[in-house]
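What follows is the residue order along each chain.
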Amino acid sequence: MSSDGQNARFEWHHVRRKVLYAMLFVCVLSFAILRWVWWPVRISGDSMTPNYDDGQANYINRLAYLSASPRRGDVVGLRVGHDVYIKRVIGLPGEKIEFRRDIIVVNGEPLAEPYPVKPLLWRLRPVQLGENDYFVMGDNRTTSMLGAVQRTHIIGKAVF
């Protein structure tokens, strides 16, 4: 066999090995991202309609709040017991949340919500949030509300 044939065979094996290593790296990286950074979740129920639909797949960015705090209007993933919920942040630590008919009042000011929501149909008592508490609700206020949750229950921000 000629040396050119052996060189070509060596180069082909070398290229295949590089492709295999690259594919293995991509698989490990994808696993790490989906396991520890972007956590896949599925919306269950109508608590976030009209903005999120039942059965819709979403991801929670678990690194979103490592250097920042959740902000009003953020859609977050919450761990409550063994369940994970997707809810919207309405109130921030230290704020007073009140409910007047279908209007949410934060520290005496009506909350301007630029996203569509279904109105709240029941009366609730005012809530004074603690220094580590956030008030979260579903966008479908007729059927969903969670209330005050501690920061430790927020596992990340919903990305899409």
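For the structure, check the block above.
Residues numbered from 1 in each chain as written. Predicted model: local features only at pLDDT ≥ 70, side-chain atom pairs only at ≥ 80, totals over all residues. Heavy atoms only, no water.

1. Some remarks on the pairing of strand β9 (residues 133-137)
- Most of β9 is tucked away, with five of its five residues classed as buried.
- Judged by which residues are buried, β9 turns out to be covered on both faces: Asp133, Phe135 and Met137 on one side and Tyr134 and Val136 on the other are all buried.
- Looking at chain direction, β9 and strand β10 (residues 147-150) are connected through four bridges and run antiparallel. Bridging from a neighbouring strand, Phe135 pairs with Ala148 of β10. (Buried < 20%, exposed > 50% of the residue type's maximum accessible area, 1.4 Å probe, protein only. Helix = DSSP H or I, 4+ residues; strand = E, 2+ residues; numbered from the N terminus. Pairing = 2+ DSSP bridges.)

2. What about the environment of Leu34?
- Position of Leu34 among the secondary structure elements: in helix α1 (residues 3-37).
- Look at Leu34 and you get partly exposed, because its relative accessible area is 40%.
- Each C-alpha atom of the pair Leu34 and Asn61 lies 9.5 Å from the other, and the pair is 27 residues apart in sequence.

3. Quick word on the environment of Met137
- For Met137, the location among the structural elements is in strand β9.
- Each C-alpha atom of the pair Met137 and Lys87 lies 5.4 Å from the other, and the pair is 50 residues apart in sequence.
- Those residues in contact with Met137 that lie beyond four places of it in its chain are Met48, Lys87, Arg88, Ile90, Phe99, Ile104, Leu120, Met145 and Leu146. (Contact = heavy atoms within 4.5 Å.)

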